[in-house]
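Listed below, chain by chain, are the residues.
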Amino acid sequence: QIEEMTPPSKFSYRWLPGAVVKDPDPNTTLVTFTLEEVPEGTRVTVLETGFEGIALEKRAKAFQENTDGWRGQFENLERHLGQHA
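What comes next is a walk through the structure. What you see is a predicted model; the values in this text were computed from it and never measured.

Structural notes on the overall build of the protein
Helix and strand counts for the protein come out as one helix and four strands. In sequence order, the secondary structure elements of the protein are arranged as β-β-β-β-α. Its C-alpha atoms give the protein a radius of gyration of 15 Å, clearly above 12 Å, the size a compact globule of 85 residues would have. When its C-alpha atoms are laid out on the principal axes, the protein stretches across 45 × 25 × 20 Å. By the burial criterion, 19% of the 85 residues in the protein qualify as buried. Of the charged side chains in the protein, 9 are positive and 14 negative; the average position of the first set lies 5 Å away from that of the second.

What follows is the structure, given as structure tokens:
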């Protein structure tokens, strides 16, 4: 679910970490991407909040899966930007 879109500097959405189609846990996290011009180019900041609302029995796993997922996405972003530098 998109929460905010302020081109070209901010985009945020909600999603259910580790969700399956029939997951009874309605608590989501909020992912916010912010782009900021800096002397070196553009700073990309990604902030995911709301893990405190995830059921305790799912929280640690969801946090670890998301941490690993974001690490992979930033590797993809670095690779892409390196090809277009």
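Moving on from the coordinates now.
Describing the sheet that holds strand β4 (residues 41–49)
Read from one edge to the other, the open sheet built from four strands follows the order β1-β2-β3-β4, with strand pairing classed as antiparallel. Sheet topology places β1 (2–6) and β4 at the edges, where each strand pairs with a single neighbour. Sheet twist, expressed as the average angle between the axes of neighbouring strands with direction ignored, equals 10 degrees.

Focus on the pairing of β1
Across four bridges, β1 lies against strand β2 (residues 10–15) in antiparallel orientation. Across the sheet, residue E4 finds its bridge partner in β2, namely S12. Turn length for the β1-β2 hairpin, with the two strands adjacent in sequence and antiparallel, is three residues.

Rules used throughout
- Residues numbered from 1 in each chain as written.
- Predicted model: local features only at pLDDT ≥ 70, side-chain atom pairs only at ≥ 80, totals over all residues.
- Heavy atoms only, no water.
- Helix = DSSP H or I, 4+ residues; strand = E, 2+ residues; numbered from the N terminus.
- Rg over C-alpha atoms; globule rule 2.2 N^0.38 Å.
- Buried < 20%, exposed > 50% of the residue type's maximum accessible area, 1.4 Å probe, protein only.
- Lys, Arg positive; Asp, Glu negative; His and termini not counted.
- Charge placed at Lys NZ, Arg CZ, Asp CG, Glu CD.
- Pairing = 2+ DSSP bridges.
- Axes fitted to C-alpha atoms, helices over the stretch in contact; angles between N-to-C directions.

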